[in-house]
There are 2 protein chains.
Amino acid sequence: MIEGLPDQYRWAARLDPPELAAASSFLVCGMGGSGISGDFAAVVGADAGIDVRVHKDYGLPAWAGAVRPLVIAASYSGNTAETLSAVEAARRLDLDIAVVSTGGELAGIAEDNAYPSITVPPGLQPRAALGYLVGAALQILTGAGALSDPAQALLESANATESLLGSGEPGAGRDRAGSIATALEGRVPIIWGSAGPSAVAAQRWAKQINENAKLPAYYSTMPEIDHNELVGWGSAPAEVSRSAGIVILRDKGETAEISRRFDLTVELLRDQAPFVGEVWSSGESALARAATAALMGDLVSVLLAEVAGVDPVQVDIITQLKNRL
Amino acid sequence: MIEGLPDQYRWAARLDPPELAAASSFLVCGMGGSGISGDFAAVVGADAGIDVRVHKDYGLPAWAGAVRPLVIAASYSGNTAETLSAVEAARRLDLDIAVVSTGGELAGIAEDNAYPSITVPPGLQPRAALGYLVGAALQILTGAGALSDPAQALLESANATESLLGSGEPGAGRDRAGSIATALEGRVPIIWGSAGPSAVAAQRWAKQINENAKLPAYYSTMPEIDHNELVGWGSAPAEVSRSAGIVILRDKGETAEISRRFDLTVELLRDQAPFVGEVWSSGESALARAATAALMGDLVSVLLAEVAGVDPVQVDIITQLKNRL
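Given the structure is predicted, the values throughout are model-derived calculations rather than measurements. (Residues numbered from 1 in each chain as written. Chains lettered and ligands numbered in written order. Predicted model: local features only at pLDDT ≥ 70, side-chain atom pairs only at ≥ 80, totals over all residues. Heavy atoms only, no water.)

Turning our attention to the domain arrangement of chain A. Residues and elements named next belong to chain A. According to the domain assignment, chain A consists of domain 1 (5-154) and domain 2 (170-308). With centres defined by C-alpha atoms, the gap from domain 1 to domain 2 works out at 27 Å. Contact with domain 1, which involves 15 residues of that partner, is made by 17 residues of domain 2. Where domain 1 abuts domain 2, roughly 1400 Å² becomes buried across the two surfaces, and 68% of that area is made up of carbon and sulfur atoms. Three residues, F40, V43 and R127, lead the burial of domain 1 against domain 2; their summed loss comes to 44% of the area buried on that side. Our count for the domain 1 to domain 2 interface comes out at 1 salt bridge. Residues E211 and R127 are paired through a salt bridge, measuring 3.3 Å at the closest nitrogen-oxygen approach. (Domains from an automatic or database assignment. Contact = heavy atoms within 4.5 Å. Buried area = accessible area lost by both parts, 1.4 Å probe. Salt bridge = Lys/Arg side-chain N within 4 Å of Asp/Glu carboxyl O.)

Below, the structure written as C-alpha cells:
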C-alpha cells in the first residue's frame, strides 16, 4: 500500500502537462483519497502564490460562478457521486473542466466533451495512489500556465519518501513510525500541523488512520490550536486526556513564531497531557516536505492496523454505505 | 456569557455599513473567537455567492498578492499578534484593509491610516462577542457592495437565538442542551456538520467546549466523513469508541443526499458506536441557522463546565502561553 509511492511521484514527473486554457484560479473537486490530492496541490500552489481550493461536497461552492475557477475533477474510480455532481454543476456554469481518474463514468464524460484529462494507473485503493493523483493535479496546474515544471519537486519527493522507506532495508522512517504507533495504541490519535505542508500531512495522517487502522483520528493546526484547543488539553480530567495521543508534525519550513509556539505548548502540556510525540518533515520543496511528513502517517497507520489485527485494505463499512445510498 | 447574544445581533442590525471601495473577494484575518466570526461571515457570503475566506495564521496566504482581496482584520482585543502581522503583510501588498475590534493596537493602526473600521462594545471574552463580531463583518461586506442589507438576517438571528434561550424561562434549547451535555460527560465530544451553517456551527461547538468546559473536542463534515472517518467509528475497539460522543448538527437547509447519508451513517453506527445525538438548526436565513445551531453548542459547553466544576470564563493556560511568547 505504501512501497509504490516513490515510483508514483517518478511516473508523474514524466507526464506531459495537458494543453489547457490559461487559468489563475483552481478548484479541485474530489472526496477521500482523491480529494486530499487536491489539498496537496493547494499546498504546492499556495507556495507558488497560486489560488487553488478544494471542494469536498456535491455540486460547487456558490462563489464558483463569480470566481470562475478551472474545475479539476479528481476521482480515482471515476464514479464518485459527489465529484460527478460537481462536474455537472460546472457544466451548467460553463466553467473550464479538467479530469483526473483511472476511467469510470468521469473518463467517459471527459472523452465525450473533450475535457483535458490525465488517466492514472488503476488497480489501487484511491488512498494508495496519492503520488499519481497529486502529480496529475500539479501537471494540470502546469498545463494551465499557473505553475512552472513540477518535475523537480516530484523527483525530490520520490527520493525523499524512498529514503524514509529504506531501499529494501528498514529505513529510519520505519523505526520512528514504530515507536509512534506503539505510543498511540489504544488511544485516539490527534495530529497537530501548522501551515501548508504539515497541515496537509496532518489531514493525511488522520484519514489514513481512519481507513487503514479503523480508528477515529483528528487533526488541527497551529497557531489556532493555541487559541482554543490548548485549553482542552491543558485541563482535561485524566480519564479524558488518557484517551488520546498527540502527534505534532514539525516542518523545517515553519516560521520562528510557530516553532516557539510548539515548544512552549508542549512544555505547558508536559505534566497534564497524554502522549505528545513529534515527527519532522524532510526535503526542501513544499511538496517533498508534505510528502515525507504524510508518509510517516501512512507507515504509522499500517503499523496500528497490524497491532489491532485489522486488514488495512478493506473498508467494508464504506462499501455497505455505498450499496445502500 | 450567552444571554447577551440576541441583543448583539440587534446591535449589529442597526449599524451603518462603513464606506468602502467596491470589492468582490474578501479575506477575514483573525484567531479564536474573532476568527470564527469570519467563518460565519463566509457562510453568509457563500450563501449569497460571494467569495469570503478566512486566514488563521501570521501574515497572509501567498495567493493574496494575486487575488487582492479586501482584508478584514478582526481582533476583539485589537492586540492579537497574528492579526497585526496579517495587517502588516496587507500593507506591504497595498491591499485594502478594514478593521473590526474594540480598540487596542489595531484600532490605533486603523485610525492612523484612515482604514474603515467598526468598533464593537468591549468588556467581554472574544468568544462571548460572536454577535457583535459577525454582524460587524457582515456590515463590512455590505459596505463594499458585495452583500445587500444584512439587517433582516441579523434580526432573525436575534429572535431565533432568543427563542432557544427562552425569555427568562428555560427555553426548549436549554432542555435539549442539558440532555446532550449529560450524554457527553466524561467523553471527547466529536461534532459532525455538513455544509455552510452546520459546518461553522460544528466548529463553534468544538471550540466553545475547548474553552468553556476545558475539554478536547473535534469536528468534521459530511459527506467527507463517509469517505474515511466512518471507517474509524464503525470498527473502533470498545475502549476507544467509549471515549467519545458524537453530536450531529442537522440543518434544515441540508440537501436530500446529505440527509440520507446522515440517516444511513447513524444506522450503520448504531450497534458499535458511542453516543450519537442530533441537534437541528432553526430559522430561515443561513445566518440564523448557523447562529441557532451554534448557540446549542454554547449552552452545552457551559453545562459541561458546570458538571466538571470548572469556570467557563477563565482560560489561564492561554494567558500563561501569551506571557511566555
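Two strands in a sheet stick together by hydrogen bonds in their backbones, pointing the same way (parallel) or opposite ways (antiparallel). Residue and element names in this part refer to chain A. Pairing is parallel across the open sheet formed by 5 strands, whose spatial order is β2-β1-β3-β4-β5. Each of the sheet's edge strands pairs with one partner strand only, and the pair in question is β2 (51-55) and β5 (117-119). In this sheet, adjacent strand axes meet at a mean angle of 15° when their direction is disregarded. When strand β1 (residues 25-29) meets β2, the two strands line up parallel, connected through 5 bridges. Paired with L27 across the bridge in β2 is R53. Sheet strands touched by helix α2 (residues 32-47): β1, β2 and β3 (70-75). Its angle to β2, the strand with the most contacts, is close to 160°. Together, β3, β4 (97-101) and β5 form the strand contacts of helix α5 (residues 104-113), whose direction differs from that of β4 by roughly 145°. (Pairing = 2+ DSSP bridges. Helix = DSSP H or I, 4+ residues; strand = E, 2+ residues; numbered from the N terminus. Axes fitted to C-alpha atoms, helices over the stretch in contact; angles between N-to-C directions.)

Below, the discussion takes up the layout of surface pockets. When its volume is computed, the second largest pocket comes out at roughly 460 Å³. As for the second largest pocket, its lining consists of 24 residues, of which H227 of chain A together with T80, P126, I318 and K322 of chain B are closest to the centre. When residues of the lining of the second largest pocket are traced back to their parent elements, those giving at least two are α2 (32-47), α4 (81-92) and α14 (316-324) of chain B. Element by element, the count of residues in the lining of the second largest pocket is highest for α14 of chain B, at 4 residues. Here the residues of the lining of the second largest pocket are counted per class, giving 8 nonpolar, 10 polar and 6 charged. (1 Å grid on protein atoms, 1.4 Å probe; cavity = no way out; pocket = protein on both sides within 12 Å on 5 of 7 lines; lining within 4 Å. Points joined across faces, edges and corners; volume = space filled by probe spheres on them. Nonpolar A, V, L, I, M, F, W, Y, C, P; charged D, E, K, R; others polar.)

Attention now moves to the packing of aromatic side chains. Given two aromatic rings, one states the distance between the centres and the angle between the planes to describe the pair. In the structure shown here, the tally under the stated rule is 3 aromatic pairs over all chains. Residues Y218 of chain A and Y218 of chain B carry aromatic rings whose centres are separated by 5.4 Å and whose planes lie at 25° to one another, so their mutual orientation is stacked. With Y218 of chain A in strand β7 (residues 218-221) and Y218 of chain B in strand β7 (residues 218-221), this residue pair bridges two chains. Y218 of chain A sits in the buried class, given a relative accessible area of 4%. The lysine or arginine in question, R53 of chain A, covers the ring of W63 of chain A, its NZ or CZ lying 3.8 Å from the ring centre. (Phe/Tyr/Trp six-rings, centres within 6.5 Å; stacked < 30°, edge-to-face > 60°. Buried < 20%, exposed > 50% of the residue type's maximum accessible area, 1.4 Å probe, protein only. Lys NZ or Arg CZ within 6 Å of the ring centre and 35° of its normal.)

Counting residues at the interface gives 61 residues for chain B and 61 residues for chain A. Overall, the association of chain B and chain A removes approximately 5700 Å² of surface from exposure, summing both partners, and the carbon and sulfur fraction of that is 66%. Among the residues of chain B in contact with chain A, Y218, I317 and R324 of chain B are the three that bury the most area, contributing 12% of the side total. On the surface where chain B and chain A come into contact, there are 8 salt bridges. The closest approach of N and O atoms between D51 of chain B and R53 of chain A, which form a salt bridge, is 2.8 Å. Counting every contact that joins chain B to chain A gives 22 residue pairs in polar contact (both at pLDDT 80 or more). Among the elements that line the side of chain B that touches chain A, the one with the most residues is helix α12 (residues 256-269) of chain B, at 9 residues. (Polar contact = N/O pair within 3.5 Å; in protein donor to acceptor, adjacent residues only side chain to side chain.)

Residue and element names in this part refer to chain B. In terms of burial, strand β4 (residues 97-101) is largely enclosed, as 5 of its 5 residues are buried. The β-α-β motif built from strand β3 (residues 70-75), the intervening α4 and the parallel element β4 has right-handed crossover chirality. Of the pairings in the sheet, the one linking β4 to strand β5 (residues 117-119) comprises 3 bridges and is parallel in character. Among the inter-strand pairings, V100 is bridged to a residue of β5, identified as I118. Crossover β4 to β5 through helix α5 (residues 104-113) is right-handed. (Right-handed = clockwise from strand over helix to strand, strands pointing away.)

Here we come to the relation of the copies chain B and chain A. The transformation that overlays chain B on chain A combines an axial shift of 0.0 Å with a rotation of 180°, and the residual RMSD is 0.0 Å. Expressed as an axis order, the relation between the two copies is that of a two-fold axis. Both copies present the same face, since 100% of the interface residues in chain B are matched by interface residues at the equivalent positions in chain A. (Least-squares fit on C-alpha atoms with pLDDT ≥ 70 in both.)

Considering all chains together, one arrives at 36 salt bridges over all chains under this definition. Between R10 of chain A and D7 of chain A there is a salt bridge, with its nearest N and O atoms 2.9 Å apart. Here R10 of chain A pairs with D7 of chain A, and both are found in helix α1 (residues 5-13), just 3 residues apart, close to one helical turn. Residue class for R10 of chain A comes out buried when judged on its relative accessible area of 19%. The class of D7 of chain A is partly exposed, set by a relative accessible area of 49%. Connected through shared salt-bridge partners, D51 and R53 of chain A together with D51 and R53 of chain B make up one network.

All names here are of chain B. One open sheet accounts for 4 strands, arranged β7-β6-β8-β9; its pairing is parallel. The sheet is open, and its two borders are formed by β7 and β9 (275-280), each paired with just one other strand. Each neighbouring strand pair of the sheet contributes to a mean axis angle of 25°, computed without reference to strand direction. One ladder, built from 4 bridges, connects strand β6 (residues 188-193) with β7; its direction is parallel. Across the sheet, residue I191 finds its bridge partner in β7, namely Y219. Each of β6, β8 (244-250) and β9 is contacted by helix α8 (residues 172-184), which is oriented at about 160° to β9, the strand it contacts most. Across the sheet, α12 touches β6, β8 and β9, and the angle it forms with β8 is around 160°.

So, on to the pairing of β8 of chain B. All names here are of chain B. Within β8, 7 of the 7 residues are buried, which leaves the element mostly enclosed by the surrounding structure. Bridge analysis of β6 against β8 gives 5 bridges, and the strand direction is parallel. Across the sheet, the residue bridging to I191 is V247, located in β8. Where β8 meets β9, 6 bridges bridge the pair, whose relative direction is parallel. The residue of β9 that forms the bridge with L249 is V279. Traced from β8 through α12 to β9, the parallel crossover comes out right-handed.

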